[in-house]
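# Fold and contact review
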Amino acid sequence: MVSEAPPFWWTKADWRAWSLWPVSLIYGSIAGRRMARAKPPSVAVPVFCVGNFTVGGAGKTPTALAIAKAARAKGLTPGFLSRGYGGSLDVTTRVDPHHHRADAVGDEPLLLAREAITVISRRRHQGAERLVAEGVDFIIMDDGFQSARLRIDFALVVVDSGRGIGNGHIVPAGPVRAPLRQQMLQMSSLLRVGQGEAADPLVRRASRAGKPVRVASLVPRPAPEIKDRPLLAFAGIADPGKFYRTVESLGGKIALRRDFPDHHYFSEDELTELMADADKADLTLVTTAKDAARLSGHHGPAETLLGRVKVVEVEMVFDDPQAPAKMIDEAIARCRARLLLEKRSA
């Protein structure tokens, strides 16, 4: 099971955050130094990284899918590189959505693999080389912005306008992964997602640093039949509230909510209880695409629930429809310059 982020990370800093500040200082110093001094290996194709400043969801996976769609429209063969967070496999693997389960490769790679070639690898460079061998000519790295294990040509950092960077503290006092100054230096562009004011300070800071700011929204795909239905909504994602708001925007009437930790793998008892609660109150079950991915491939209660549940899927829609293509062009140009420099230095 993947651990859940402490709720105090997403509220105003209190005694818990400040008591952990000395540990965060050490962690941040190490993370920042690693980012600043890294000389990671490279591959012969553009690498486009979709990351975020913090631990937890900000919309990276829908953003990666949108970039892949734009890459295909330009005649490229995109492929996804993921660490396989939440999965048990520790060998470089091409994900087969018809064969693998989320507990082996992670839930996000299963969603990505439905759209393009996807490789999971704890060793980023090895995973990137595998993608190139599979015929990929444009790599989209899902997360890994701070890891410094593969040369990145373009880094798009996603921030949720409703949550921002939480209390602003570095792990473990807060959700921030590395000092913001260092992250801003290595960021190519900021993507602000959704409504709210929590991301405003980051937008101003990015603008002062000369970093382009893009804007996008998560929009539900053709929705399941949930309008005016009484629902039992459940979610094991970083921000369940965002999912519930999406369900309500589609006209669903949520009677019961069940929150689980991010990337949570459901026990048979939990699944049986969800179905029993829904039956007891005559409610329709509804969940996220990531939660459905973790149910896929199992038998018993998981298979039964998956046959009953309505799945709400979302896609990232940019305010400027040409923004993904522009960023892809920039990544390609930077890759060409990098390869030329590497050839001259050889």
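Below you will find a few notes about this structure. (Residues numbered from 1 in each chain as written. Predicted model: local features only at pLDDT ≥ 70, side-chain atom pairs only at ≥ 80, totals over all residues. Heavy atoms only, no water.)

## Re the pattern of salt bridges
Within this structure, the stated rule accounts for 23 salt bridges. The closest approach of N and O atoms between R294 and D107, which form a salt bridge, is 2.5 Å. With R294 in helix α11 (residues 289–295) and D107 in helix α5 (residues 107–113), this residue pair connects regions lying 187 residues apart in the sequence. Exposure remark for R294: the relative accessible area of 3% places this residue in the buried category. Note on D107: relative accessible area 0%, which makes it buried. If you follow the salt bridges from partner to partner, you end up with R94, R130 and E134 in one network. (Salt bridge = Lys/Arg side-chain N within 4 Å of Asp/Glu carboxyl O. Helix = DSSP H or I, 4+ residues; strand = E, 2+ residues; numbered from the N terminus. Buried < 20%, exposed > 50% of the residue type's maximum accessible area, 1.4 Å probe, protein only.)

## Regarding the side chain of R192
Mapped onto the fold, R192 is located in strand β7 (residues 189–193). Exposure remark for R192: the relative accessible area of 18% places this residue in the buried category. Of the polar contacts made by the side chain of R192, one reaches the side chain of S161; its length is 3.0 Å. Only 2.8 Å separates the side chain of R192 from the side chain of D200, close enough to count as a polar contact. Beyond its immediate sequence surroundings of up to four residues, R192 is in contact with V159, S161, E197, A199, D200, V203, R214, V215 and A216. (Polar contact = N/O pair within 3.5 Å; in protein donor to acceptor, adjacent residues only side chain to side chain. Contact = heavy atoms within 4.5 Å.)

## A closer look at a positive patch on the surface
On the surface, R181, R204, R205 and R208 cluster together into a patch of positive charge. Here the positive patch takes three residues from helix α8 (residues 200–208), the largest share from any one element. Inspection of the secondary structure assignment puts R204 in helix α8. (Patch = residues over 30% accessible without salt bridge, like charges linked within 9 Å, V, L, I, M, F, W, Y side chains within 5 Å. Areas by Shrake-Rupley, 256 points an atom, 1.4 Å probe, with all protein chains shown as cover. Lys, Arg positive; Asp, Glu negative; His and termini not counted. Charge placed at Lys NZ, Arg CZ, Asp CG, Glu CD.)

## With respect to the sheet that holds strand β6 (residues 154–160)
Overall, mixed pairing links the nine strands, which are arranged β3-β4-β2-β5-β1-β6-β7-β8-β13 in an open sheet. Both edges of this open sheet fall to β3 (93–94) and β13 (314–318), since each of them pairs with a single strand only. As paired elements, strand β2 (residues 78–82) and strand β4 (residues 117–120) share four bridges and run parallel to each other. Note that in β4 the partner of L81 across the bridge is V119. Relative to strand β5 (residues 138–142), helix α3 (residues 60–73) is tilted by about 175°, and along the sheet it contacts β1 (47–51), β2, β5, β6, β7, β8 (213–220) and β13. Together, β6, β7 and β8 form the strand contacts of α8, whose direction differs from that of β7 by roughly 155°. (Pairing = 2+ DSSP bridges. Axes fitted to C-alpha atoms, helices over the stretch in contact; angles between N-to-C directions.)

## Examining helix α12 (residues 301–308)
Since one α-helical turn is 3.6 residues long, residues separated by three or four positions face the same way. Those residues of α12 that sit buried are P301, A302 and L305. The buried residues of α12 occupy an angular sector of 95° when the element is viewed end-on, so they sit on one face. Along its buried surface, α12 packs onto β9 (230–235), α10 (268–280), β11 (284–288) and α11. (Arc of directions from axis to C-beta.)

## Details of the environment of A199
Relative to the assigned elements, A199 resides in the loop between β7 and α8. Spatially, the C-alpha atom of A199 lies 6.7 Å from that of V159, the residues being 40 residues apart in sequence.

## Details of the side chain of R338
As for its position among the elements, R338 is in helix α13 (residues 323–345). Of the polar contacts made by the side chain of R338, one reaches the backbone oxygen of V43; its length is 2.9 Å. Apart from the residues within four sequence positions on either side, R338 is in contact with S42, V43, V45, R151 and D153.

## Some remarks on the pairing of β1
Side-chain positions along a regular strand alternate between the two faces of the sheet. A large share of β1 lies buried, amounting to five of its five residues. Residues V47, C49 and G51 of β1 are buried on one face, and the alternating residues F48 and V50, pointing to the opposite face, are buried as well. Note that β1 and β5 share four bridges and pair parallel. Paired with C49 across the bridge in β5 is M141.

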